[in-house]
Amino acid sequence: LANELNLRELNEKLEKETIDITLPGTKINTGNMHPLTRITREIEELFVSMGYDIVEGPEVETDFYCFEQLNVPKNHPARDSQDSFYINEELLLRTQTSAVQARTMEINEEKTPIRILCPGKTYRRDNDDATHSHQFMQIEGLVIDKNISLSDLKGTLEIFAKRLFSNDTSVRFRPSFFPFTEPSLEVDISCFKCK
């Protein structure tokens with residue numbers, strides 16, 4: 001009799017505590033996307049909408065692509081082991097994503113127009129502080145085609161600033177000198193918060 005009462009009690013309990021498996025499950029929070037990943041994707045989407053291809057390359061790079069193909073002289077400070085992370089005499093952690101541009105131009109045997117964006121991590125021997133890091137994100141663009149001028153670059157940078165920050169962002173271009181580009185300019189934008 002006791003077993004029969006226990007069995008009846010168990011069956012009543014099971015009927016009352018059934019689970020409706022058709023109900024939606026409880027959402028499990030999985031975290032958020034990293035801010036660098038989010039902004040990189042936003043920038044990539046913008047440039048893809050303007051006709052660019054996204055091209056990535058190896059983070060462990062050869063001296064040939066990281067420096068030789070970019071005409072960086074043998075005695076340039078960037079090539080020094082106190083500025084770059086060398087693995088051996090030929091391999092290092094890339095110091096800029098420009099190596100991706102060199103690789104892209106090399107494989108373009110048909111000499112067709114190039115319009116690429118190269119996002120990625122780069123590495124330099126910097127002491128980490130509020131404005132420096134030994135590892136940082138860099139995004140470079142490269143356009144090679146007929147009838148391309150500095151005004152095309154200026155227009156692209158203005159669209160970039162306005163889409164990334166806001167349409168009322170002011171953009172100022174200033175002539176400058178960089179030994180690796182000619183002509184060279186610097187770009188200033190108005191503060192996105194206080195204007």
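Predicted model, so just to flag it, every value in this text is computed and none were measured.

**Focus: the layout of surface pockets**
- Roughly 2,000 Å³ of internal volume is contained in the largest pocket.
- The wall of the largest pocket is formed by 49 residues, among which Gln101, Glu140, Gly141, Phe180 and Thr181 lie closest to the centre.
- Looking at the lining of the largest pocket, the elements that each hand over two or more residues are α2 (35–49), α4 (98–107), β4 (114–123), β5 (135–144), α5 (150–164) and β7 (181–189).
- Looking at the lining of the largest pocket residue by residue, the class counts come to 28 nonpolar, 13 polar and eight charged.
- Lining the second largest pocket we find 14 residues, and of these Glu56, Pro119, Gly120, Lys121 and Met137 sit closest to its centre.
- In terms of residues, the lining of the second largest pocket owes the most to one element, α2, which gives five residues.
- For the lining of the second largest pocket, a count of residues per class yields three nonpolar, five polar and six charged.

**So, the confidence of the model for the chain**
- Of all residues in the chain, 100% attain a pLDDT of 70 or more, and the chain-wide mean is 90.
- The secondary-structure element of the chain with the lowest mean pLDDT is helix α1 (residues 2–16), recorded at 86, while strand β1 (residues 53–54) shows the highest, at 97.

**A closer look at the state of the cysteines**
- Under the counting rule described, the total for this entry stands at zero disulfides.
- Free cysteine: Cys118, not disulfide-bonded; nearest cysteine sulfur from Cys66 at 13 Å.
- Residue classification places Cys118 among the buried residues on the basis of a relative accessible area of 0%.
- As a non-bridged cysteine, Cys191 has Cys194 as the owner of its nearest cysteine sulfur, 3.5 Å distant.

**Considering the nonpolar core**
- Formed by Ile43, Leu46, Phe47, Tyr52, Leu117 and Leu164, the largest nonpolar core amounts to six residues.
- Broken down by element, the residue count for this core peaks at three residues, all from α2.
- Not counting residues within four places of it along the chain, the set of residues in contact with Leu164 comprises Ile39, Glu42 and Ile43.
- Val100, Ile114, Ile116 and Leu142 belong to the second largest nonpolar core, which has five residues in total.

**Quick notes on the sheet that holds β4**
- Pairing within the open sheet is mixed, and its three strands lie in the order β1-β4-β5. The open sheet has two edge strands, β1 and β5, and neither has a second partner.
- Relative to β4, β1 runs parallel, the two sharing two bridges. Of the residues in β4, the one forming a bridge with Asp53 is Ile116.

What counts, and where the lines are drawn
- Residues numbered from 1 in each chain as written.
- Predicted model: local features only at pLDDT ≥ 70, side-chain atom pairs only at ≥ 80, totals over all residues.
- Heavy atoms only, no water.
- 1 Å grid on protein atoms, 1.4 Å probe; cavity = no way out; pocket = protein on both sides within 12 Å on 5 of 7 lines; lining within 4 Å.
- Points joined across faces, edges and corners; volume = space filled by probe spheres on them.
- Helix = DSSP H or I, 4+ residues; strand = E, 2+ residues; numbered from the N terminus.
- Nonpolar A, V, L, I, M, F, W, Y, C, P; charged D, E, K, R; others polar.
- pLDDT = per-residue confidence, 0-100.
- Disulfide = S-S within 2.5 Å.
- Buried < 20%, exposed > 50% of the residue type's maximum accessible area, 1.4 Å probe, protein only.
- Core = buried A, V, L, I, M, F, W, Y, C linked by side-chain atoms within 4.5 Å.
- Contact = heavy atoms within 4.5 Å.
- Pairing = 2+ DSSP bridges.

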